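Commentary on secondary and tertiary structure
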Amino acid sequence: MECRHLDDLYELYLLGALGVSERSEIHEHLRADCPYCTERLRQAALTVYFLALPDRKVRVPQPLKAQVLRRLIKK
Amino acid sequence: MHEDLFARAEAGDEPALDEIFDRLAPRLLALSARFGSTPADDEQILGDLFYGLLKESRRFRRHGGSATAWLAFAVRTGRIEKRRAAAHLPRAWPPRQNPLRISLAWLPRPSDIARIDERRDLLNKVLRHLPKPQMQVLEMAVFDGLTESEIAEKLKQPLGMVAAELRAAFRFLRHRMSAILGTWNAGI
Ligand SMILES: [Zn+2]
């Protein structure tokens, strides 16, 4: 597959920031297991991960944790 | 974060689940709060997320993908779609095109995610070098969950200009990150 024209788009694809036609094009490559696009997306995902997941933490109250874990274990 | 914890949690090991929760829930809630969630949403968000994690963990571990990365993307994607629905905007991805559903082969490896977390201070410094207009559009894409054309509309700027700023910002970050993180992109 010809992919180099997509080089600047992988981060924007993962962010959901592309227009329909560019998004669909990368979607097709990903669906077809295109090795070039998969590797580029893996790199782009690192940048998006860094940008999106903050260093900041929110305190999780103990009862909330207990409730979530209890339900999870039941399932 | 030891990824074998996820394998243990998947097999029903409660202490492993407990440890994953303690390590990741506080950051994941901080991420969802950036997308407008409130403490009243927290139980639902964490419940869905950890349920999804246990359900999907075999799938992404098969590809060697990081569970931490999966969680971060799952939170962000879920919150964006909620926020966009509330604002009457179309979905960021049609359900079947959500990248987390198509393939998980693109998820970063645990060692690369660990390296990012170790070098965050340095990476944050890099971020500060982005010109203001690039930073502005970057934040709108990352934290407001807007598309390029929605950003252009909001800023009353031509789409071509916004698209160029975003691409330039990511080109800059991509190069700096590959330098800071070492050889993770060797071979391309
Ligand atoms: Zn491709």
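Now for a quick tour of the structure. Since this is a predicted model, take the numbers as computed values, not measurements.

Here is what the cut-offs are and how they apply
- Residues numbered from 1 in each chain as written.
- Chains lettered and ligands numbered in written order.
- Predicted model: local features only at pLDDT ≥ 70, side-chain atom pairs only at ≥ 80, totals over all residues.
- Heavy atoms only, no water.
- Donors = N, O, S within 2.8 Å, 3.2 Å for Na, K, Ca; no water.
- Tetrahedral: all angles 85-135°; square planar, octahedral: opposite > 155°, others 65-115°.
- Helix = DSSP H or I, 4+ residues; strand = E, 2+ residues; numbered from the N terminus.
- Buried < 20%, exposed > 50% of the residue type's maximum accessible area, 1.4 Å probe, protein only.
- Contact = heavy atoms within 4.5 Å.
- Buried area = accessible area lost by both parts, 1.4 Å probe.
- Salt bridge = Lys/Arg side-chain N within 4 Å of Asp/Glu carboxyl O.
- Polar contact = N/O pair within 3.5 Å; in protein donor to acceptor, adjacent residues only side chain to side chain.
- Nonpolar A, V, L, I, M, F, W, Y, C, P; charged D, E, K, R; others polar.

1. Topic: the coordination of the zinc ion
Residues and elements named next belong to chain A. Those protein atoms acting as donors to the zinc ion are Cys3 (SG), His29 (ND1), Cys34 (SG) and Cys37 (SG), and they sit at 2.1 to 2.4 Å. Angles of 98 to 124° at the metal separate the four donor atoms of the zinc ion, which places the site in the tetrahedral class. All donor residues of the zinc ion come from one chain, and their arrangement in sequence is C-x25-H-x4-C-x2-C. Of this pair, Cys3 sits in the segment before α1 (10–15) while Cys34 sits in the loop between α2 (20–31) and α3 (35–52), and the two are 31 residues apart along the sequence. Across the pair, exposure class does not vary: Cys3 and Cys34 are buried alike.

2. Side note on the interface of chain A and chain B
Each partner contributes to the interface: chain A provides 49 residues, whereas chain B provides 66 residues. Counting each side, the surface lost to burial between chain A and chain B is near 5600 Å², with a carbon and sulfur contribution of 67%. Of all residues in chain A, Leu46(A), Tyr49(A) and Phe50(A) bury the most surface against chain B, accounting for 14% of the area lost on that side. Put simply, chain A and chain B have seven salt bridges between them. Among the ionic pairs, Arg167(B) bridges to Glu22(A), the shortest N-O distance being 3.4 Å. One can count 17 residue pairs in polar contact (both at pLDDT 80 or more) joining chain A with chain B. Elements that contribute at least two residues to the side of chain A that touches chain B include exactly α1, α2, α3 and α4 (62–74) of chain A. It is α3(A) that provides the largest number of residues to the side of chain A that touches chain B, a total of 15 residues. Classifying every residue of the side of chain A that touches chain B gives 26 nonpolar, seven polar and 16 charged.

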